[in-house]
Amino acid sequence: QSLASEGYANANYSWRDDAIFNLGGDPRTRQKSYGLLNARIGFAHEKTGLDFSVWAKNLLDKNYSYVVFENVVFDGGYSQFIGMERQIGADVKWSF
């Protein structure tokens, strides 16, 4: 009787260069360059159809803003949307 399991792993890295979010070039809207690393490792069992993996997003826990904009309520103020902090999780899939 064969166990027919297969392990797998993958990782991806994305880089964002320096950016200024204001068309006028306001340096207060500058986001310094950063890189994000995501990874997954797991195994799949062919006979049972089970697939188990653990994963991480933003593995290096980089702090970054994905948009910075002028706040119209507070004159001269700016708001920003912050990227997600490190996330770690697990998935179980069953194919039948």
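Residues numbered from 1 in each chain as written. Predicted model: local features only at pLDDT ≥ 70, side-chain atom pairs only at ≥ 80, totals over all residues. Heavy atoms only, no water.

Participant: Whenever I open this one, the pairing of strand 4 (residues 34-45) confuses me. Can you help?
Facilitator: Each regular strand carries side chains that alternate between the two faces of the sheet. As paired strands, strand 1 (residues 5-16) and strand 4 are joined by twelve bridges and run antiparallel to one another. When the bridges of strand 4 are listed, Tyr8 appears paired with Gly42. Hairpin connection, strand 4 to strand 5 (residues 50-57): the antiparallel pair is bridged by four residues, and Gly49 has positive phi, about 80°. (Pairing = 2+ DSSP bridges. Helix = DSSP H or I, 4+ residues; strand = E, 2+ residues; numbered from the N terminus.)

Participant: In this structure, what is going on with unusual backbone geometry? I would like to understand it.
Facilitator: Leaving glycine aside, a negative phi is the common case for residues, and trans is the common case for peptide bonds. In this structure, Asn58 takes a positive phi of about 50° despite not being glycine. Relative to the elements of secondary structure, Asn58 occurs in the loop between strand 5 and strand 6 (65-71). Positive phi values are uncommon outside glycine, yet Asp61 reaches one of about 55°. Inspection of the secondary structure assignment puts Asp61 in the loop between strand 5 and strand 6.

Participant: Is there a simple way to explain the pattern of salt bridges in this structure?
Facilitator: Close approach of charged atoms allows side chains of opposite charge to pair. Evaluated as defined, the whole model comprises three salt bridges. One salt bridge connects Arg28 with Asp26, and the closest N-O pair in it is separated by 2.9 Å. Residue classification places Arg28 among the exposed residues on the basis of a relative accessible area of 55%. Close ionic contact of Arg40 with Asp91 constitutes a salt bridge, the shortest N to O distance being 3.0 Å. Of this pair, Arg40 sits in strand 4 while Asp91 sits in strand 8 (residues 87-94), and the two are 51 residues apart along the sequence. Judged by relative accessible area, which is 24%, Asp91 ranks as partly exposed. (Salt bridge = Lys/Arg side-chain N within 4 Å of Asp/Glu carboxyl O. Buried < 20%, exposed > 50% of the residue type's maximum accessible area, 1.4 Å probe, protein only.)

Participant: Hey, could you run me through the packing of aromatic side chains in this one?
Facilitator: Each aromatic ring pair is described using two quantities: the centre-to-centre distance and the angle formed by the ring planes. Summed over the entire model, instances satisfying the criterion amount to five aromatic pairs. Ring centres 4.5 Å apart and planes at 20° place the aromatic pair Tyr34 and Tyr64 in the stacked group. Of the two residues, Tyr34 is situated in strand 4 and Tyr64 in the loop between strand 5 and strand 6; the sequence distance between them amounts to 30 residues. The same class applies to Tyr34 and to Tyr64, which are both buried. (Phe/Tyr/Trp six-rings, centres within 6.5 Å; stacked < 30°, edge-to-face > 60°.)

Participant: What is the right way to read the pairing of strand 6 from this model?
Facilitator: Relative to strand 7 (residues 77-82), strand 6 is paired through six bridges, and the arrangement is antiparallel. Across the sheet, residue Asn71 finds its bridge partner in strand 7, namely Gly77. Following strand 6, the chain reverses through five residues before pairing antiparallel with strand 7; Gly76 in that reversal takes a positive phi of roughly 85°.

Participant: I keep staring at the side chain of Asn71 and nothing clicks. Help me out?
Facilitator: The residue Asn71 is located in strand 6 in this model. Among the polar contacts listed, one links the side chain of Asn71 to the backbone nitrogen of Val73, at a separation of 2.8 Å. With residues near it in sequence (within four places) discarded, Asn71 still touches Gly77, Tyr78 and Ser79. (Polar contact = N/O pair within 3.5 Å; in protein donor to acceptor, adjacent residues only side chain to side chain. Contact = heavy atoms within 4.5 Å.)

These figures come from the coordinates and say nothing about function on their own.
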